[in-house]
Amino acid sequence: MDSCIKKHIVSIASANDVKMYPDNVVEFTTPQLLESLDISREALAKEINELRASGILTLKDAYQTIACPSCGSPDPFTKLVCPKCGSGNLKVEGSKVKCLSCGIQTDIYEALSFVCKTCGNTFNSGNARWVTLGALHAVNATGIEGIAETLKNLGIYAKRCMAVTGSSGIIHRFDFVFERNGSKDAVDVAVDSDVVNVKHLIEFISKAYDSGIGEGYFIAVPGLNVSVDLGKKGIKVIEAHDINEASDMLKQILVKRGITSKIVH
Ligand SMILES: [Zn+2]
Ligand SMILES: [Zn+2]
């Protein structure tokens, strides 16, 4: 279980429904998530399935799609084949088909068969695999989308939950990482209903140093439980009442530092 990945999936799915598409490797794929999260398709599918199993993600506009029972590829060709003799020489009469080879008459549904575009396997509705897809939806946004939006509007391409290997060999994940002049800047967002425990800031500082982060931004909403004077270069603490305020503050800092490819008013 990866809490950073789950947090971002839920946040993205809270702001916008995430469409699922059939995929022959892991049953479904979600390009919208793959593009912004630092994770493989297989690992992402596993996280999504766990979130669905626990009811955090729900499926909207669900539909079923047929897949090859042999290799899992979706979207097969369809053809009509006599269920008795296997002949393709059939005559369709309304909802019935008549086999011109052996003479039997049957429901068109009985004669419907599929050919996999990937492996060539022929199958029918009886032994086909069905995959349920739809739009992933979540409620209770964790509030990260405001920060994601701010970075995007500044023209900063940030990867979410980016895994960075520290000099200690430990793999750290940050909410957002973006490249700047050959170094990496990182943003972590801690949101609490009461106050953010300063231990999260200390963890951020230690992983930022271990990872060789250029500039680190730690956002605490609605603030830290103790006031901190870092006096250290490279780490900026942003304490705000809510995510909107935090987003504005982050924007001001980034604009002031010239870290944007866009003209901002
Ligand atoms: Zn196949
Ligand atoms: Zn036949």
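Because the structure is predicted, anything quoted here is derived from the model rather than measured.

What counts and what doesn't
- Residues numbered from 1 in each chain as written.
- Chains lettered and ligands numbered in written order.
- Predicted model: local features only at pLDDT ≥ 70, side-chain atom pairs only at ≥ 80, totals over all residues.
- Helix = DSSP H or I, 4+ residues; strand = E, 2+ residues; numbered from the N terminus.
- Rg over C-alpha atoms; globule rule 2.2 N^0.38 Å.
- Contact = placed C-beta atoms within 7 Å.
- Domains from an automatic or database assignment.
- Expected span 1.5 Å × (residues − 1).
- Buried ≥ 20, exposed ≤ 12 C-beta atoms within 10 Å, placed from the backbone.
- Arc of directions from axis to C-beta.
- Pairing = 2+ DSSP bridges.
- Axes fitted to C-alpha atoms, helices over the stretch in contact; angles between N-to-C directions.

Visitor: Give a detailed account of the overall build of the chain, specifying residues and quantitative values.
Guide: The helix and strand tally for the chain stands at seven helices and 16 strands. By the compact-globule yardstick of 18 Å for 265 residues, the chain is too spread out, its C-alpha radius of gyration being 26 Å. Taken over the C-alpha atoms alone, the chain extends approximately 90 × 35 × 35 Å along its principal axes. For the chain, the proportion of contacts with a sequence separation of at least 24, taken over those separated by at least 6, is 59%.

Visitor: Describe the domain arrangement of the chain, listing the residues and the values that go with them.
Guide: We note that the domain assignment places domain 1 (1-69 + 125-140), domain 2 (77-115) and domain 3 (144-265) within the chain. A separation of 63 Å is found between the C-alpha centroids of domain 2 and domain 3.

Visitor: Tell me about helix α6 (residues 198-211), residues and numbers included.
Guide: The terminal C-alpha atoms of α6, which comprises 14 residues, lie 20 Å apart, in line with the 20 Å expected from a rise of 1.5 Å per residue. All buried positions along α6 are accounted for by Leu201, Phe204, Lys207, Ala208 and Ser211. End-on, the buried residues of α6 take up no more than an arc of 135°, which puts them together on one face. For α6, the exposed residues lying more than 90 degrees away from the buried face are Lys199 and Ile202. Among the structural elements, β12 (159-165), β13 (171-180), β14 (183-191), β15 (216-221) and β16 (235-239) are those in contact with the buried residues of α6.

Visitor: Can you explain the pairing of strand β7 (residues 96-99)? Please cite residues and give values.
Guide: Moving residue by residue along a regular strand, the side chains alternate between the two faces of the sheet. Of the two faces of β7, only the one carrying Val97 and Cys99 is buried; Lys96 and Lys98 on the other face are not. Relative to β7, strand β6 (residues 90-93) is paired through four bridges, and the arrangement is antiparallel. Looking at β7, one finds that Lys91 is bridged to Lys98. Hairpin connection, β6 to β7: the antiparallel pair is bridged by two residues, and Gly94 has positive phi, about 65°. Sheet topology note: the β7/strand β8 (residues 105-107) ladder contains three bridges and is antiparallel. Directly across from Lys98, in β8, lies its bridge partner Gln105. Following β7, the chain reverses through five residues before pairing antiparallel with β8; Gly103 in that reversal takes a positive phi of roughly 90°.

Visitor: So, the sheet that holds β8: which residues are in play, and what are the values?
Guide: Strand order in the open sheet made by the three strands is β6-β7-β8, with antiparallel pairing throughout. The two strands at the open ends of the sheet, each matched to only one other strand, are β6 and β8. Direction aside, neighbouring strands of the sheet carry axes that sit 30° apart on average.

Visitor: Would you mind going over unusual backbone geometry in detail, with residue names and values included?
Guide: At the junction of Val221 and Pro222, the peptide bond is cis and its omega measures out at 5° in the coordinates. Relative to the helices and strands, Pro222 is located in the loop between β15 and β16. Its identity as a non-glycine residue notwithstanding, Asp61 has a phi of 50°, on the positive side. With respect to the helices, strands and loops of the structure, Asp61 is situated in strand β4 (residues 57-67). Look at Asp75: it is not a glycine, yet its phi comes out positive at around 60°. Within the secondary structure, Asp75 is located in the loop between β4 and β5 (77-80).

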